[in-house]
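Here are the chains, one letter per residue:
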Amino acid sequence: MSKKEGVTRFSVSAEKSLMRQYDQLRKKQGYKNRSLAVADMMRDRLVEHRQTAGDYDAAGTVTLVYDHHASLIQQTLTALQHDFTGMIVSTLHVHLDHHNCLEVIVLKSKASAIKKLADRLIGTKGVKHGKLSLTTTGVDLPA
Ligand code: NI
């Protein structure tokens, strides 16, 4: 290991077949070198860990697909969102077709609070598919 201008170099051992497959994926994903790809993996692991450990400031998006004809769903989802205006940054509504709506709700709060509201939104009767994507606010995460 050597240190130079804030950068640490280290060597990693991996099975040849693993390295070959990973290099193919890395190139497909547009990473010019292994360092950039590994740094992204490290950041991803840090974000993932923080998501499950403790209460911290986070951001996230909840994506919902539902049939707006389903009874009370629109009212339920709207009421829920009016109860949590403090953490809802923005909402995007797309009319997918005659029946189906797609809604993306952007949230910024403590991770646990985001998870809790996401569970309620996704668990609302009539929601066909719901997904929370929890991420970092970017603060405390080195570039
Ligand atoms: Ni709609």
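Placed above this text is the structure.
Quick caveat, the model's predicted, so the values are computed rather than measured.

*Asks:* So what's going on with helix α4 (residues 111-122)? Which residues, and what values?
*Replies:* An α-helical turn contains 3.6 residues, so any two residues separated by three or four positions project in the same direction. The end-to-end C-alpha separation of α4 is 16 Å, in line with the 16 Å expected for 12 residues at 1.5 Å each. Considered for burial, the residues of α4 that qualify are Ala111, Ile114, Leu117, Ala118 and Leu121. Down the axis of α4, the buried side of the element spans an arc of 130°, and every buried residue falls inside it. Exposed and oriented more than 90 degrees from the buried face of α4 are Lys116 and Asp119. On its buried face, α4 sits against β3 (57-67), α3 (73-83), β4 (88-95), β5 (100-110) and β6 (127-136).

*Asks:* Can you tell me about the coordination of the nickel ion, naming the residues and giving the values?
*Replies:* For the nickel ion, the full set of protein donor atoms is His93 (NE2), His95 (ND1) and Cys101 (SG), at a range of 2.0 to 2.4 Å. Going along the chain, you hit the donors of the nickel ion in the pattern H-x1-H-x5-C. On the accessibility criterion, His95 (62% relative accessible area) is exposed. Given the relative accessible area of 2%, Cys101 is considered buried.

*Asks:* Please provide a residue-by-residue account of the nonpolar core, values included.
*Replies:* Grouped together as the largest cluster of nonpolar side chains are 20 residues, with contacts concentrated most on Val62, Leu64, Ile105, Leu107, Leu117 and Leu121. Listed by contribution, the elements that provide at least two residues to this core are β3, α3, β5, α4 and β6. Excluding its chain neighbours within four sequence positions, the residues that come into contact with Leu117 are Leu80, Phe84, Met87, Ile88 and Leu107.

*Asks:* Go over unusual backbone geometry with me, naming the residues and quoting the values.
*Replies:* Although it is not a glycine, Asp140 sits at a positive phi angle of roughly 75°. Take Asp140: it is sitting in the segment after β6. What makes Asp140 exposed here is its relative accessible area of 63%.

*Asks:* How would you explain the pairing of β5 if you had to name every residue and give the values?
*Replies:* For β3 and β5, the ladder comprises 11 bridges, and the chain directions are antiparallel. Looking at β5, one finds that Thr63 is bridged to Val104. Relative to β5, β4 runs antiparallel, the two sharing seven bridges. Its bridge partner being in β5, Thr91 is matched across the sheet by Ile105. Following β4, the chain reverses through four residues before pairing antiparallel with β5.

The rules we used
- Residues numbered from 1 in each chain as written.
- Predicted model: local features only at pLDDT ≥ 70, side-chain atom pairs only at ≥ 80, totals over all residues.
- Heavy atoms only, no water.
- Helix = DSSP H or I, 4+ residues; strand = E, 2+ residues; numbered from the N terminus.
- Expected span 1.5 Å × (residues − 1).
- Buried < 20%, exposed > 50% of the residue type's maximum accessible area, 1.4 Å probe, protein only.
- Arc of directions from axis to C-beta.
- Contact = heavy atoms within 4.5 Å.
- Donors = N, O, S within 2.8 Å, 3.2 Å for Na, K, Ca; no water.
- Core = buried A, V, L, I, M, F, W, Y, C linked by side-chain atoms within 4.5 Å.
- Pairing = 2+ DSSP bridges.

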